[in-house]
Amino acid sequence: MKIAYLDAFAGIAGDMILGAFVSAGISPDDLKRELDKLKLGNVELAQRKVIRSGITAVKIDVLVSGETEKVTDLGRDADSGQHQGRSHRHHGQGHGRSYVEIEHLIAESPLSQFVRDKSLDVFRRIGEAESKIHDIPLEKIHFHEIGAVDSIVDIVGCALCVEMSGVDAVYTSPIRMGSNGFVETRHGAMPVPTPASIEVLKDYPVVFNDVPYELTTPTGAGIVKSFSKGVLKHQAFEIEKIGYGAGSRDLDKLPNLLRLVIGELKSEVEEDHVVMLETNMDDINPQLIPHVIEKLMSAGATDAFVVPVIMKKGRPGFMLTVLISESLLERISAEIFSQTTTLGLRIQHVDRIKIHREIKTALTSFGEVQVKEAVVNGKKRVSAEFEECRRIAESKGLPVAEVMQKLNAELNRE
């Protein structure tokens, strides 16, 4: 499996990711050609080389009408004018955009489905964090810093870079956040890490190191949570390309760089982290259980299942188990309380290992079919999704079991 590994030893921001991918071989002209589909106006990508601690890196600046958007910072040494940390941007080219405006801009663009979906997911994650922090409904959130042109370019550009690089997955190191500093925003001075960055990165491994500047921006945090499958630990990894992306300023204690490594992950096993919700119920109508599971899966649960149990006083009941990402904890908990009779939930944070799988389209005797492909002990295993088998069975007037058997025989034929 081909992966991109983001080594965030100095934190992460959108412009650093763009610079690292360009450093690793992505064509800035191809990137610009795709970004023009957003119709953001006279926007250019300025590429230059910088050297930090003797390491050559690429710095990408977004130019709007020929001017680089200004960056200000309120760090620990702000009174003396030594603005060294990374920061939110104050834009002279407008006043940002609302979440709804950004959603429409991206969704209606002719960019690929992958780029649209991932870009919107990044904005949604940041928007939900801002909504919680400021107690404002998501649809009324108005982005100042991340809603301006350069941040839209950073987020959509990162999705384009992942697509252009042909990687199957993205992993990172633990994300460094900085601490004990302040950054100036439209809302006023914010502590480092900023509330949005730390909210977005809930349930993701982070490090609060002793650098008093904003090392990880909300944009960088949103990209990590949307794209990354987790922290790369001890898996075997064959390196193909390396790139370095530079942040905006020099830092005293470490080079302000992001290292990108692209290569082949040799391990078939992936690790990730989920939250497991459980509850026992002895007063739910069994007829509701299929509906409850369907609603939870539609709300974004990774898995949901029910098993019969014997509860206190010998009462028969059911135990509901739901696996979710931590970002969905409030949403799924509310759904469980709404759809079932339970009054409480058990919450556990669990690690998982799983075989990497990909959803692909295969040409079969029934036409094009969506299949799941995995490699187990060096041998490829392909299976047709049940919903695809049911769809074909209904359209052909055949038993589902017959379609499954024939498809799986075709897909796994040597």
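To be clear, the structure that these remarks concern was listed above.
Below: a short report on this structure. (Residues numbered from 1 in each chain as written. Predicted model: local features only at pLDDT ≥ 70, side-chain atom pairs only at ≥ 80, totals over all residues. Heavy atoms only, no water.)

It is worth spelling out the overall build of the chain at this point. Looking only at helices and strands, one finds 11 helices and 21 strands in the chain. Relative to its length of 414 residues, the chain is compact, with a C-alpha radius of gyration of 24 Å against a globular reference of 22 Å. C-alpha atoms of the chain, sized along the principal axes, occupy 70 × 55 × 40 Å. In the chain, the proportion of contacts linking residues at least 24 apart, taken out of those at least 6 apart, comes to 70%. In the form shown here, the chain has an accessible surface area of approximately 19900 Å², with 50% of it arising from carbon and sulfur atoms. The average position of the 50 basic charges and that of the 60 acidic charges among the side chains of the chain differ by 3 Å. (Helix = DSSP H or I, 4+ residues; strand = E, 2+ residues; numbered from the N terminus. Rg over C-alpha atoms; globule rule 2.2 N^0.38 Å. Contact = heavy atoms within 4.5 Å. Areas by Shrake-Rupley, 256 points an atom, 1.4 Å probe, with all protein chains shown as cover. Lys, Arg positive; Asp, Glu negative; His and termini not counted. Charge placed at Lys NZ, Arg CZ, Asp CG, Glu CD.)

Turning to helix α4 (residues 113-134), a few remarks are in order. For α4, with 22 residues, the first-to-last C-alpha span of 31 Å sits near the 32 Å given by 1.5 Å per residue. Among the residues trailing α4, D135 stands out with phi positive, at a value near 55°. (Expected span 1.5 Å × (residues − 1).)

Within this structure, the stated rule accounts for one aromatic pair. Each ring, one from F114 and one from F227, has its centre 6.4 Å from the other, and the planes form 70°; the classification is edge-to-face. Of this pair, F114 sits in helix α4 while F227 is found in helix α7 (residues 218-227), placing the two residues 113 residues apart along the sequence. The exposure class of F114 is partly exposed, given its relative accessible area of 34%. For F227, a relative accessible area of 10% translates into the label buried. Its end group placed over the ring of F227, K118 keeps NZ or CZ at 5.0 Å from the ring centre. (Phe/Tyr/Trp six-rings, centres within 6.5 Å; stacked < 30°, edge-to-face > 60°. Buried < 20%, exposed > 50% of the residue type's maximum accessible area, 1.4 Å probe, protein only. Lys NZ or Arg CZ within 6 Å of the ring centre and 35° of its normal.)

With that out of the way, let us pick up the pairing of strand β9 (residues 181-185). Successive residues of a regular strand alternate their side chains across the two faces of the sheet. Side chains G181, V183 and T185 of β9 all project onto a buried face; the interleaved residues F182 and E184 project onto a face where none is buried. Bridge count between β9 and strand β10 (residues 188-192): five bridges; the pairing is antiparallel. Following the sheet pairing, T185 is matched in β10 by G188. What sits between β9 and β10 in their antiparallel hairpin is a turn of two residues. (Pairing = 2+ DSSP bridges.)

Attention shifts here to the sheet that holds strand β16 (residues 303-310). With respect to topology, four strands assemble into an open sheet ordered β16-β17-β15-β18, the strand pairing being antiparallel. Every other strand in the sheet has two partners, leaving β16 and β18 (346-355) as the edge strands with one partner each. Each strand axis lies, on average, 30° off the axis of its neighbour in the sheet, ignoring direction. Where β16 meets strand β17 (residues 316-324), eight bridges bridge the pair, whose relative direction is antiparallel. (Axes fitted to C-alpha atoms, helices over the stretch in contact; angles between N-to-C directions.)

By size, the foremost hydrophobic cluster in this structure holds 59 residues, and its most contacted members are F21, L38 and V156. It is helix α5 (residues 149-165) that provides the largest number of residues to this core, a total of 10 residues. (Core = buried A, V, L, I, M, F, W, Y, C linked by side-chain atoms within 4.5 Å.)

On the basis of which strands lie adjacent, the open sheet formed by three strands has the order β19-β20-β21 and antiparallel pairing. Because the sheet does not close on itself, it has two edges, and the strands there are β19 (357-364) and β21 (379-384). Direction aside, neighbouring strands of the sheet carry axes that sit 40° apart on average. Sheet topology places strand β20 (residues 367-376) next to β21; six bridges connect them, and they run antiparallel. Each bridged residue has a counterpart across the sheet, and for E373 the counterpart in β21 is V382. The sheet contacts of helix α10 (residues 386-396) involve β20 and β21, and relative to β20 the element is tilted by about 155°. Against the sheet, helix α11 (residues 400-411) makes contact with β19, β20 and β21, and its axis sits at roughly 150° relative to β21, the strand it touches most.

For the rest of this paragraph, the subject is unusual backbone geometry. In this structure, the amide linkage connecting V192 to the following residue, P193, adopts the cis form with an omega of 0°. One can find P193 in the loop between β10 and α6 (195-200). A positive phi angle, near 60°, is found at K313, a position not held by glycine.

Before going further, it helps to examine the packing of helix α3 (residues 99-107) against α4. In contact at an axis separation of 9 Å, α3 and α4 are set at 170° when each is read in the N-to-C sense. Considered as vectors, α3 and α4 are oriented roughly antiparallel to each other. On the side of α3, the interface is formed by Y99, I102, E103, I106 and A107, while α4 contributes R116, S119, L120, F123 and R124. Considered class by class, the residues forming the contact of α3 with α4 number six nonpolar, one polar and three charged. (Parallel < 35°, antiparallel > 145°, perpendicular 65-115°, else oblique. Nonpolar A, V, L, I, M, F, W, Y, C, P; charged D, E, K, R; others polar.)

What describes two packed helices is the angle between their axes and the distance between those same axes. Direction vectors running N to C along α4 and α7 enclose 125°, while the axes themselves pass 8 Å from each other. If you check the angle between α4 and α7, you find them oblique. The chirality of how α4 crosses α7 is right-handed. Across from F114, K118, D121, V122, R125 and I126 in α4, the residues of α7 making contact are P218, T219, G222, I223, K225, S226 and F227. (Left-handed = near helix turned anticlockwise from the far one by under 90°.)

This paragraph deals with the pattern of salt bridges. Side chains carrying opposite charge are able to pair once their charged atoms draw close together. Enumeration over the complete set of coordinates arrives at 24 salt bridges. The salt bridge involving E388 is made with R391; its shortest N-O contact spans 3.0 Å. Of this pair, E388 and R391 both sit in helix α10, separated by three residues, roughly a single helical turn. One salt-bridge network, in which partners are shared between bridges, spans D121, R124, R125, E128 and R331. (Salt bridge = Lys/Arg side-chain N within 4 Å of Asp/Glu carboxyl O.)

These figures come from the coordinates and say nothing about function on their own.
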